[in-house]
Amino acid sequence: MNSSLIPVANPLAQYRSHAATIRSVVERVMESGWYILGTEVAEFEQEFAAYCGVSACIGVASGTDALLLALKGCGVNQGDEVITVSQTAVATVAAIELAGAVPVFCDIDPISHCMDPACIEPLITERTKAVVPVHLYGHPADMSEICAIAKKHSLLVIEDCAQAHGAMIGGQPVGSFGDVAAFSFYPTKNLGGIGDGGAVVTRRDDVAEKVRLLRQYGWKERYISHLSGMNSRLDELQAAILRVKLPLLNADNEKRRNIAAAYDVAINQNLFIAPGQQTGATHAMHLYVVECLKDRQQIIEAASSVGIATAIHYPQPVHWQPAYQHYLWEGQQLPETDRMVSRILSLPMYPELSDDQIEEVCCFLKSPTNR
Ligand SMILES: Cc1ncc(COP(=O)(O)O)c(C=O)c1O
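Residues numbered from 1 in each chain as written. Predicted model: local features only at pLDDT ≥ 70, side-chain atom pairs only at ≥ 80, totals over all residues. Heavy atoms only, no water.

**So, the packing of helix α4 (residues 63–73) against helix α7 (residues 205–214)**
Link 1 in the chain: At a closest axis distance of 9 Å, the pairing of α4 and α7 adopts a crossing angle of 125 degrees. Taken together, α4 and α7 sit at an angle that is classed as oblique. Crossing of α4 against α7: the hand is right-handed. From α4, L69, K72 and G73 reach across to α7, where they touch V207, K210, V211 and L214.
Link 2 in the chain: By residue class, the composition of the contact of α4 with α7 is 4 nonpolar, 1 polar and 2 charged. (Axes fitted to C-alpha atoms, helices over the stretch in contact; angles between N-to-C directions. Helix = DSSP H or I, 4+ residues; strand = E, 2+ residues; numbered from the N terminus. Parallel < 35°, antiparallel > 145°, perpendicular 65-115°, else oblique. Left-handed = near helix turned anticlockwise from the far one by under 90°. Contact = heavy atoms within 4.5 Å. Nonpolar A, V, L, I, M, F, W, Y, C, P; charged D, E, K, R; others polar.)

Structure representation (structure tokens):
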């Protein structure tokens, strides 16, 4: 990696801009002598539940575990079919498989890059138990349509919010639409720790109670398991750091949206399609992903030559990947997912980008190959 490039994401810049506060809360936790499931986690859980507009949050060890525990917590069982997208981080599908369920791939909407509600119903069988929409790149999936279809067919809705902290639809935060939702606090996320972390959020008391047990061996009281569980706990250090960053999240997301607006104005429409936004959606702008209308490799090289890093999220949709290809139904096509894969390109997007860096990316988006 060329370290002089403007990176696509920059967790170090975020740490540096809050270093003194982060160091002081780390010291507070170290000196407390209590490192697992203490007051920092309990306070963070309350604060994050309130932020998401739900009654409960359970801190866990990663976003993947959050999805797994959300699925198990609302009763997805061995052999159940779970409809999700292939255009996502592999973690979404891995978690469904880890829960013992069978992933079923749904195509995406070309504007939001999220689950296309019109493609869901043909995938429903008598074994379908749940749908897992992903709020990809920070754009919320069409939750009113998805929840209406789920209700009609008595399906559970589990939101994958790993890329969408603070995204909203009509002012309502993601994570509060379905039965349960999963967040990741991986360091590059809009709300990121300094290590792994995740959370399950829900307004359903029964689900919250079950997830709380499952994350720690099914214990109700110490050493007595009431359910077969696992160890997936958010640690005190991560929770304390997340508590520093949570109050800054809305302002950070606003900065991301302002940067995206500057890119949108600059972008050469003969060469790129800017990220779309559906009516009523508030984008968390986790990633600024354009569609390249001309040779993407050439654009990547041109970006690198002027000091701008790019990335592809993701180079292969999950249904192309050796471990998961077999879940595609015989003859099943995902035309929009397949069409997108060779065109998508992520550009630098994080709140600490300087005005000069934003200007450099804007110049590049105006004329990528003539500089
Ligand atoms: C859409 C999506 N789902 C789930 C995850 C899994 O989160 P984690 O890396 O914290 O396990 C990620 C993180 O990369 C993600 O982007």
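**Observations regarding the pattern of salt bridges**
Link 1 in the chain: Scanning the model with the defined rule gives 15 salt bridges in all.
Link 2 in the chain: The salt bridge involving E336 is made with R339; its shortest N-O contact spans 2.5 Å. Of this pair, E336 and R339 both sit in helix α11 (residues 335–341), 3 residues apart, roughly one helical turn.
Link 3 in the chain: What makes R339 partly exposed here is its relative accessible area of 33%.
Link 4 in the chain: One salt-bridge network, held together by shared partners, links R28, E40, E43, E47 and R243. (Salt bridge = Lys/Arg side-chain N within 4 Å of Asp/Glu carboxyl O. Buried < 20%, exposed > 50% of the residue type's maximum accessible area, 1.4 Å probe, protein only.)

**Concerning the side chain of T128**
Link 1 in the chain: Mapped onto the elements, T128 comes out in strand β4 (residues 128–132).
Link 2 in the chain: In terms of polar contacts, T128 uses its side chain to reach the backbone amide nitrogen of T125, at 2.8 Å. (Polar contact = N/O pair within 3.5 Å; in protein donor to acceptor, adjacent residues only side chain to side chain.)

**Side note on the environment of H165**
Link 1 in the chain: For H165, the location among the structural elements is in the loop between β5 (156–160) and β6 (168–169).
Link 2 in the chain: On a C-alpha basis, the gap between H165 and N190 in space is 6.2 Å, while along the polypeptide they are 25 residues apart.
Link 3 in the chain: Among all residues touching H165, those that are not within four sequence positions of it are F48, F183, S184, F185, K189, N190, L191, L249, N253 and A284.

**Remarks on helix α3 (residues 39–52)**
Link 1 in the chain: The first and last C-alpha atoms of α3 sit 20 Å apart over 14 residues, in line with the 20 Å expected at 1.5 Å per residue.
Link 2 in the chain: Residues E40, V41, F44, E45, F48, A49 and C52 constitute the buried set of α3. The buried residues of α3 all sit within an arc of 155 degrees when viewed along its axis, so they share a single face. Turned more than 90 degrees away from the buried face of α3, the exposed residues are T39, Q46 and A50.
Link 3 in the chain: Downstream of α3 by a residue or two, G53 has a phi angle that is positive, lying close to 70 degrees. (Expected span 1.5 Å × (residues − 1). Arc of directions from axis to C-beta.)

**Quick word on the domain arrangement of the chain**
Link 1 in the chain: Examined at the domain level, the chain breaks down into domain 1 (11–247) and domain 2 (248–366).
Link 2 in the chain: When each unit is reduced to the centre of its C-alpha atoms, the spacing between domain 1 and domain 2 is 23 Å.
Link 3 in the chain: Across the boundary between the two partners, domain 1 contributes 50 residues, which contact 38 residues of domain 2.
Link 4 in the chain: The largest share of the area that domain 1 buries against domain 2 comes from F105, Y137 and N190, three residues that together contribute 19% of it.
Link 5 in the chain: The interface formed by domain 1 and domain 2 holds 0 salt bridges in total.
Link 6 in the chain: At the boundary of domain 1 and domain 2, one finds 27 residue pairs in polar contact (both at pLDDT 80 or more).
Link 7 in the chain: Of all the secondary structure elements, the ones that give two or more residues to the side of domain 1 that touches domain 2 are α1 (11–17), α5 (90–98), β3 (102–106), β6 and α8 (236–245).
Link 8 in the chain: Of all the elements, β3 adds the most residues to the side of domain 1 that touches domain 2, at 5 residues.
Link 9 in the chain: Its residues assigned to classes, the side of domain 1 that touches domain 2 comprises 26 nonpolar, 17 polar and 7 charged. (Domains from an automatic or database assignment. Buried area = accessible area lost by both parts, 1.4 Å probe.)

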